[in-house]
Amino acid sequence: MLMAANTVLLIYLCAALLPAILLLYYVYKQDKVEKEPPQLLGRMLLAGIFAAFLAIVLETLGELILYGGVQQVNVPVSSELLTAVFAFAVVGAAEEGAKLLFLKLYSWKRPEFNYHFDAVVYAVFVSLGFAMFENLKYVGSYGLGVALPRALLAIPGHMSFAVLMGIFYGRAKYCEVQGKSGKGWNLFLAWFVPTLLHGAYDTCAMISTTYTSYIFLAIIAVIYIIIFFLVRKEAREDYRLA
């Protein structure tokens, strides 16, 4: 009986964690100039878990403010528009903001952060640490039926947001190290660009009409083609920050 329970638990853990682990390994292997120490990458995963907890708080508050505000002003708003606002201004903004906050707290002043591609690696590890925690919660709550669609859609989605975040985050660090202007602007873009993609992704997933389903498939195409191209390109064109 105990062995059967342990087997089921192992299956659930693999279903929830393995897709993210494979993507983490893929990005780690692309870092060919100077590998990041495992203990630092472990800290990035932990930062992602902390970011997930913060995002839960922010999304709960954001949902209360958004829907409570709509009820207070008593202005008719279409459900699709409200869903889009929620996806962009609450879910996307909160989750990407939480990831960026903990990414910066855990990596900005680290001496190992000395190449541009390091920023992409750190951002991906934070984001997929976030995704692994989120996946455990979903698989634990809804069963193995959600594991495959999340492995094919949600996990690569989090990675794609992270790659974009990491590119701008690395540019911000370069601006600071080189004494150039642009640090603040690139940090803003490190949050804003992933938030836009995340919001578009969630809007299409939440509304689920024929029209939004086509857009959703287009976003997935971007994730699978352009993002993986960007990872290889950024790794190939890596440069020292100082």
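Residue indices follow the written sequence of each chain, beginning from 1 at its first position. Thresholds applied to this predicted model are a pLDDT of at least 70 for local features of residues and 80 or more for the giving and counting of side-chain atom pairs; totals over whole chains, interfaces and linings are not thresholded and use all residues. Excluded from the side-chain calculations are hydrogens and water; all other atoms, namely the structure's heavy atoms, are used.

Participant: Give a description of the packing of helix H6 (residues 183–207) against helix H7 (residues 210–236) that names residues and reports values.
Facilitator: Interaxial angle, 0 to 180 degrees, is taken between N-to-C directions of lines fitted to C-alpha atoms, where a helix line uses only the stretch in contact. Only DSSP runs of H or I reaching four residues or more are called helices, and only runs of E reaching two or more are called strands; each is numbered from the N terminus. Orientation of H6 relative to H7, taken along the N-to-C sense of each, is 140 degrees, at an axis distance of 8 Å. Accordingly, the angle class assigned to the pair H6 and H7 is oblique. Handedness of the H6/H7 crossing: left-handed. On H7, the residues touching Leu197, Ala200, Tyr201, Cys204, Ala205 and Ile207 of H6 are Thr212, Ile215, Phe216, Ile219, Ile220 and Ile223. Classification convention: Asp, Glu, Lys, Arg as charged; Ala, Val, Leu, Ile, Met, Phe, Trp, Tyr, Cys, Pro as nonpolar; all other residues, Gly among them, as polar. Broken down by class, the residue content of the contact of H6 with H7 amounts to 11 nonpolar, 1 polar and no charged. Throughout this description, any angle smaller than 35 degrees is read as roughly parallel, any larger than 145 degrees as roughly antiparallel, any in the 65 to 115 degree range as roughly perpendicular, and the remainder as oblique. We call a crossing left-handed when the near helix sits turned anticlockwise from the far one by less than a right angle, and right-handed when that turn is clockwise. Contact definition: two residues touch when any of their heavy atoms are within 4.5 Å.

Participant: An account of the nonpolar core is requested, with residue identities and associated values reported.
Facilitator: Core analysis: the biggest nonpolar cluster contains 59 residues, and Leu103, Val124, Leu128, Met159, Val163, Tyr169 and Tyr201 have the highest contact counts within it. At the level of secondary structure, the elements contributing two or more residues to this core comprise helix H1 (2–30), helix H2 (38–73), helix H3 (79–107), helix H4 (116–142), helix H5 (147–178), H6 and H7. In terms of residue count, the dominant contributor to this core is H4 (13 residues). The residues contacting Met159, other than those within four sequence positions of it, are Leu23, Tyr26, Val27, Val124, Ser127, Leu128, Phe228 and Val231. By size, the runner-up hydrophobic cluster in this structure holds 5 residues, among which are Leu66, Phe86, Val90 and Val91. In these notes, a set of buried Ala, Val, Leu, Ile, Met, Phe, Trp, Tyr and Cys residues joined through side-chain atoms within 4.5 Å is what counts as a nonpolar core. Accessibility here uses a 1.4 Å probe with only protein chains present; expressed as a share of the type maximum, an area under 20% marks a residue as buried, one over 50% as exposed, and anything in between as partly exposed.

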